[in-house]
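Spelled out from the first residue to the last, the chains are:
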Amino acid sequence: MTTFYERKAEYWARDLADRTFETEVKAGLAALGWEYEDATAAHDRPDITFTRRVRSKIVRAALELKEKRQPYRQRWAELAGLPEPELLVLDEVAARKLLARAPAAFLLFRDGTRPEQPYVLFTIIDLFCMPKVRVLRQLNLRERTAKAKWLLDRRHGRACADLNTAFALMATYLDRDMLVQLQALDAHGTFVGEKVETL
């Protein structure tokens with residue numbers, strides 16, 4: 001079911017001004033020696049594309065970056081059916097940008113409300129398979145329109161205390177887990193609140 005929720009336009013400038021997270025990620029990739037392309041200013045590509053050698057082949061992977069800077073309004077949690085501390089909100093268009101790079105694609109959140117484990121990593125396979133709630137947020141621009149959002153449970157991703165742990169998880173996925181998960185016949189993941197029935 002799709003639900004409407006309205007957000008005012010004056011928040012846009014504030015959200016776009018701070019690029020600290022993107023800078024931190026790029027510095028981390030450079031420290032590891034992973035070559036990357038920065039597209040954080042683009043609207044039609046994932047934020048970062050990086051390369052990694054896997055079994056003597058070069059693999060290009062996509063990484064989309066998102067932040068939760070403060071607790072969401074209670075209305076978001078109500079629509080998601082989740083405790084607010086477990087809620088993350090993603091633009092659907094950001095998820096779509098990752099599809100062109102699947103299966104070598106990731107979403108990385110920095111959750112400023114959870115300093116003990118601020119980073120949460122999702123693979124594109126996680127995003128495809130896990131339960132989610134979709135909502136439409138009204139935009140007050142020149143023409144009234146709506147933007148699709150995904151309401152995600154952070155427990156469905158992999159929480160990390162630091163960026164290097166997230167990078168290590170990405171490397172393990174690309175080096176080994178990606179092919180295993182693509183070829184597996186059983187249901188991907190064990191997700192909070194979901195019961196997969198056997199017929």
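You'll find the structure just up there.
Numbering of residues begins from 1 in every chain and follows the order in which that chain's sequence is written. Whole-chain, interface and lining totals are the exception, using all residues; otherwise, since this is a predicted model, local features are given only for residues with pLDDT of at least 70 and side-chain atom pairs are given and counted only at 80 or more. No hydrogens and no water enter the side-chain calculation; it runs on all heavy atoms of the structure.

Chemist: An account of the overall build of the protein is needed here, citing residue identities and associated values.
Modeler: In terms of helices and strands, the protein carries six helices and ten strands. Each accessible area value is a Shrake-Rupley result obtained with a 1.4 Å probe; residue values ignore everything except the protein chains displayed when judging cover. Carbon together with sulfur atoms contributes 53% to the accessible area of the protein, which is approximately 11100 Å² in total. Labels follow the DSSP assignment, with helices taken as runs of H or I lasting at least four residues and strands as runs of E lasting at least two, numbered in each case from the N terminus.

Chemist: Quick rundown of helix α4 (residues 92-99)? Include the residues and the values.
Modeler: Among all positions in α4, only E92, A94, A95, K97 and L98 are buried. Contacts are assigned to residue pairs with any non-hydrogen atoms lying within 4.5 Å of each other. Residues of α4 that are buried sit in contact with β4 (57-68), β5 (87-91), β6 (105-111), α5 (124-129), β8 (133-139) and β9 (145-153). Only protein chains enter the calculation, and the probe is 1.4 Å; a residue is then buried if its accessible area is under 20% of its type maximum, exposed if over 50%, and partly exposed in between.

Chemist: Tell me what's going on with the nonpolar core, and back it up with residues and numbers.
Modeler: Buried residues of nine kinds, namely Ala, Val, Leu, Ile, Met, Phe, Trp, Tyr and Cys, make up a nonpolar core once their side-chain atoms join them within 4.5 Å. Formed by 53 residues in total, the largest nonpolar core has its most connected members in V25, L63, L87, F106, L108, L127 and L174. Top element by residues in this core is helix α6 (residues 163-183). It accounts for eight residues. Once residues lying within four places of it in the same chain are set aside, the contact partners of L127 are L98, L107, F122, K132, W150 and L152.

Chemist: Can you explain the pairing of strand β3 (residues 48-54)? Please cite residues and give values.
Modeler: The buried count for β3 comes to five of seven residues, which makes it a mostly enclosed element. Whether two strands pair depends on DSSP finding at least two bridges between them. Sheet topology note: the strand β2 (residues 36-38)/β3 ladder contains three bridges and is antiparallel. Looking across to β3, one finds that D38 is bridged to I48. As consecutive antiparallel partners, β3 and β4 are separated by two residues, and within that stretch R55 has a phi angle of approximately 50 degrees, a positive value.

Chemist: Can you explain the pattern of salt bridges? Please cite residues and give values.
Modeler: The term salt bridge refers to a side-chain nitrogen of Lys or Arg lying within 4 Å of a carboxyl oxygen of Asp or Glu. If you walk through the whole model with that rule in mind, you get 24 salt bridges. For the salt bridge of R60 with E37, the shortest nitrogen-to-oxygen distance reads 3.5 Å. Taken together, the positions of R60 in strand β4 and E37 in strand β2 put the pair 23 residues apart, joining distant regions of the chain. Here D153 and R155 are joined by a salt bridge, their closest N and O atoms 2.8 Å apart. The buried category is assigned to D153, whose relative accessible area is 3%. If you follow the salt bridges from partner to partner, you end up with E86, R114, E116, D153 and R155 in one network.

Chemist: Quick rundown of unusual backbone geometry? Include the residues and the values.
Modeler: Negative phi characterises most residues that are not glycine, and trans characterises most peptide bonds. Backbone torsion omega between A102 and P103 reads 5 degrees, so that peptide bond is classified as cis. If you check the backbone angles, R55 has positive phi at about 50 degrees while not being a glycine. Structurally, the position occupied by R55 is in the loop between β3 and β4. Residue classification places R55 among the exposed residues on the basis of a relative accessible area of 54%.

Chemist: Lay out the sheet that holds β3 in plain terms, naming residues and giving numbers.
Modeler: If you trace the six strands from one edge of the open sheet to the other, you get β2-β3-β4-β6-β7-β10, paired in mixed fashion. In this open sheet, the two edge strands, each paired with only one partner strand, are β2 and β10 (158-160). In this sheet, adjacent strand axes meet at a mean angle of 25 degrees when their direction is disregarded. A fitted line through C-alpha atoms serves as each axis, taken over the contacting stretch for helices, and the angle formed by two N-to-C directions is quoted from 0 to 180°. Sitting on the sheet, α4 touches β4 and β6, and the angle it makes with β4 is about 175 degrees.

Chemist: Any details on the side chain of R110? Residues and values, ideally.
Modeler: With respect to the helices and strands, the residue R110 is situated in strand β6. The definition of a polar contact used here is a pair of N or O atoms within 3.5 Å, where within protein one atom must be able to donate a hydrogen and the other to accept one, and adjacent residues in sequence count solely through side-chain atom pairs. A distance of 2.8 Å separates the side chain of R110 from the side chain of E67, its partner in a polar contact. Other than its neighbours up to four places away in sequence, R110 contacts T20, F21, E24, K66, E67, K68, P118 and Y119.

Chemist: Can you lay out the environment of L65 for me, pointing to particular residues and giving the numbers?
Modeler: Its place among the elements puts L65 in strand β4. What makes L65 buried here is its relative accessible area of 5%. Along the sequence, L65 and D47 sit 18 residues apart, while their C-alpha atoms lie 6.4 Å from each other. Beyond its immediate chain neighbours, meaning those up to four positions away, L65 contacts F21, E22, V25, D47, I48 and L108.

That is the geometry; function is a separate question.
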